[in-house]
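Observations on the three-dimensional arrangement
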Amino acid sequence: MAGLRVLLAASEVAGFAKTGGLADVAAALPRALARRGHPTAVAMPYYSAVRRAGVPVEGTGIVLPVPMGTRVLACRVHRSRLPGTDVPVYLIEHQPFFERDDPAAGRGLYQQTMGGGYKSDYPDNAERFVFFSRAVLELVPHLGFTPDVLHANDWQTGLVPVFLAEAYRAKGGYQKTRSVFTIHNIAYQGMFGRDVLGMTGLPGYLFNHAQLEFYGHFNFLKAGVVYADAVNTVSPTYAREIRTAAFGCGLEGLLGGLGGKLSGIVNGCDYDHWDPARDRFLAAPYTAETVFENKPVCKADLQRRFGLPEDPSAPVLGMIARLVSQKGIDLVMSAAPGFLDLGCQVVVLGDGDREFHDQLRAFRDKHPDRVGLHLGFDEGIAHRIEAGADLFLMPSRYEPCGLNQLYSLRYGTPPVVRTTGGLADTVVNATEENLAAGTATGFAFGDYTASALYETVRWALTLYRERPDDFRQVVLTAMAQDWSWDRSAAAYEALYRKVTGA
Ligand code: ADP
């Protein structure tokens, strides 16, 4: 089959500028698509962060005229490549919009830190991303190929499918191009005033509740969903959940009406960085053949580093998370005294809300010989917890995809998860039935309660202590799972083929 030509537009790309998981997808998916033989390119804004990243950048000589309401702004286009590939990354330059980020001064890609320490969106975010989305469409004739698919991501590029359908498809070179829109987090929708319509140059009659309007606001994410030829999110379960009021953030009605136009594709896991056999942070790297000899060495190393007794028989429960309510920290705090009564040690790495920092610190200070805590962001510690813990805790309230459970599967550290979003799709619960079938990879519970979490950990420990053969089978089955980008890219390829008919 012929290769599909894909232009992926994103407001951040790992290695260039990053605030979250979107950047990982925007870097890894094009790389995997190119490996599968699809001509692929990426477009992103040329932030100060890109200049600081030190990636090689060249001029292209391309100057795009970008219509913004009654004005036309010029923008220069620069080009880099995804490291280690030929995939071009087109950098859309417009200094007043994109070269203001400076972490030392509290200025990020989308937000700035204000006087009282709180973060506030830039007041011109709508203008910045109307501009970027429009520039993506203007870039198309310069790519050297006509894209079969324009793949937009999250609210910042929500207007890409809109501009394609309303302003460009009638022009030569765009007729056959189809749009795909991926929702990475429905909590951020890009809601602005009606006045934004003027910047877009789109006709006023489109500002109605079936198209661009959401309760009097111009909603970029909704616009992307309405106009894209296909919509997906980052796991099949989250794709179902966001059709309900509990998860849909107001868009459940629209999403519920999409039928087969909305699907879910689990993100890939970067096994180059998360491979226990080649992990430079580990005291004793291991494979499925050596896991039961070397993992205990990693566990002792972890206990030592956290100042805990090097007791091989004490089950270590590990957790790595942004310390925000999404991640179920409140359940862990309520259940943790019970974990200690079960003879466990608890090790937590995280950064986030002050209240959780305080609670965790108090808990550690009360049980310094049972609880290890590192508040902050530390990649090496994250790897050591994945390898050294016996179980990994991830009791999220909601989880569009989740990566940590994928790492813990690969590291043979069975995850204890709540069955939501990507957690439900990637972890097979160790029920008696699944144990007998040899399919279990972790432990799962449904109710968002501390007692459900506690009981699930208790069941996991029953296997760990009393049925070690079963527990070992869970470890080995977990390690054998394939959540690689290649698998994910194959699913995107199928989606692209469906939407283009190619
Ligand atoms: P989310 O994107 O909601 O934060 P994921 O599980 O999808 O959750 O991804 C989190 C990523 O960030 C993982 O790579 C995880 O290892 C990493 N991470 C989160 N907190 C920390 C921390 N304090 N130190 C190091 N890595 C962290």
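Residues numbered from 1 in each chain as written. Predicted model: local features only at pLDDT ≥ 70, side-chain atom pairs only at ≥ 80, totals over all residues. Heavy atoms only, no water.

**Structural notes on the site of the ligand**
- By nearness alone, 16 residues border the ligand, and R322, K327, G376, D378 and L403 come closest of all.
- K327 places a side-chain nitrogen or oxygen 2.7 Å from an oxygen atom of the ligand.
- Between the ligand and N404, the relevant distance is 3.1 Å, taken from an oxygen atom to a side-chain nitrogen or oxygen of the residue.
- Considering the ligand on its own, with 560 Å² of exposed area, one finds that the protein chains cover 83% of that surface.
- Looking at the shell around the ligand, the elements with two or more residues in it are β15 (316-323), β16 (345-352) and α14 (404-410).
- The element that contributes the greatest number of residues to the shell around the ligand is β15, accounting for three residues.
- Within the shell around the ligand, the residues separate by chemical class into eight nonpolar, four polar and four charged. (Near = heavy atom within 4 Å. Polar contact = N/O pair within 3.5 Å; in protein donor to acceptor, adjacent residues only side chain to side chain. Areas by Shrake-Rupley, 256 points an atom, 1.4 Å probe, with all protein chains shown as cover. Helix = DSSP H or I, 4+ residues; strand = E, 2+ residues; numbered from the N terminus. Nonpolar A, V, L, I, M, F, W, Y, C, P; charged D, E, K, R; others polar.)

**Brief notes about the nonpolar core**
- In this structure, Y47 and L212 are the most contacted members of the largest nonpolar core, which totals 104 residues.
- In this structure L212 touches V162, L197, L202, L206, F207, H217, F218, N219, A223 and Y227, once residues within four positions along its chain are discounted.
- One finds L340, V347, L360 and F443 within the second-largest nonpolar core, a separate group that totals 75 residues. (Core = buried A, V, L, I, M, F, W, Y, C linked by side-chain atoms within 4.5 Å. Buried < 20%, exposed > 50% of the residue type's maximum accessible area, 1.4 Å probe, protein only. Contact = heavy atoms within 4.5 Å.)

**Concerning the layout of surface pockets**
- The computed volume of the second largest pocket comes to approximately 390 Å³.
- For the second largest pocket, the lining is made up of 19 residues, of which F292, K295, P296, D390 and Y464 are closest to its centre.
- Sort the elements by how many residues they give to the lining of the second largest pocket and helix α10 (residues 291-305) lands first, with seven residues.
- Residue composition of the lining of the second largest pocket, by class: ten nonpolar, three polar and six charged. (1 Å grid on protein atoms, 1.4 Å probe; cavity = no way out; pocket = protein on both sides within 12 Å on 5 of 7 lines; lining within 4 Å. Points joined across faces, edges and corners; volume = space filled by probe spheres on them.)

**Thoughts on the pattern of salt bridges**
- Counted by the stated rule, this structure contains 27 salt bridges.
- One salt bridge connects E93 with R51, and the closest N-O pair in it is separated by 3.3 Å. Taken together, the residues E93 in the loop between β5 (88-92) and α3 (95-98) and R51 in helix α2 (residues 48-53) connect sequence positions 42 residues apart.
- For E93, a relative accessible area of 12% gives the class buried.
- When its relative accessible area of 41% is taken as the criterion, R51 is described as partly exposed.
- Between D102 and R107 there is a salt bridge, and its shortest N-O distance comes to 4.0 Å.
- On the basis of relative accessible area, D102 is assigned to the partly exposed category, the value being 28%.
- For R107, a relative accessible area of 32% gives the class partly exposed.
- Residues participating in the shared-partner salt-bridge network are R36, D486, E493 and R497. (Salt bridge = Lys/Arg side-chain N within 4 Å of Asp/Glu carboxyl O.)

**Concerning the sheet that holds strand β4 (residues 71-81)**
- Taken in spatial order, the nine strands line up as β3-β4-β5-β2-β1-β8-β9-β13-β14 in an open sheet, and their pairing is mixed. Edge positions in the open sheet fall to β3 (58-68) and β14 (262-264), since each of these has one partner strand only. Direction aside, neighbouring strands of the sheet carry axes that sit 25 degrees apart on average.
- Where strand β13 (residues 230-233) meets β14, three bridges bridge the pair, whose relative direction is parallel. Bridge pairing in β14 places V231 opposite L262.
- Across the sheet, helix α19 (residues 485-500) lies against β1 (6-9), β8 (149-153), β9 (178-183), β13 and β14, angled at about 140 degrees from β9, the strand it touches most. (Pairing = 2+ DSSP bridges. Axes fitted to C-alpha atoms, helices over the stretch in contact; angles between N-to-C directions.)

**As for helix α13 (residues 379-388)**
- Across the ten residues that make up α13, a large majority, nine, are buried.
- Within α13, the full set of buried residues consists of G380, I381, A382, H383, R384, I385, E386, A387 and G388.
- Taken together, the buried residues of α13 touch α10, β15, β16, β17 (371-375), β18 (391-394) and α14.

**Points about the state of the cysteines**
- Summed over all chains, the structure comprises zero disulfides.
- With no disulfide of its own, C401 has C269 as its nearest cysteine by sulfur position, at a separation of 9.4 Å.
- What makes C401 buried here is its relative accessible area of 4%. (Disulfide = S-S within 2.5 Å.)

**Quick word on the sheet that holds β17**
- Across the sheet, which stays open at both edges, the six strands sit in the order β17-β16-β15-β18-β19-β20 with parallel pairing between neighbours. Edge positions in the sheet fall to β17 and β20 (443-445), since each has one partner strand and no second. Shown here is a sheet whose adjacent strand axes are inclined to one another by a mean of 20 degrees, direction ignored.
- Looking at chain direction, β15 and β18 are connected through two bridges and run parallel. Bridging from a neighbouring strand, G318 pairs with F392 of β18.
- Against the sheet, helix α11 (residues 329-341) touches β15, β16, β17, β18 and β20, its axis set at about 160 degrees to β15.

**Some remarks on the domain arrangement of the protein**
- Segmentation of the protein into domains returns domain 1 (6-95 + 128-268 + 486-500) and domain 2 (291-481).
- Its C-alpha centre places domain 1 at a distance of 35 Å from the equivalent point of domain 2.
- The interface of domain 1 with domain 2 comprises 13 residues on the first partner and 13 residues on the second.
- The largest per-residue losses of area from domain 1 upon contact with domain 2 belong to T237, Y238 and V266, which jointly make up 35% of the total buried on that side.
- Seen at the junction of domain 1 and domain 2, the total is zero salt bridges.
- The interface formed by domain 1 and domain 2 holds five residue pairs in polar contact (both at pLDDT 80 or more) in total. (Domains from an automatic or database assignment. Buried area = accessible area lost by both parts, 1.4 Å probe.)

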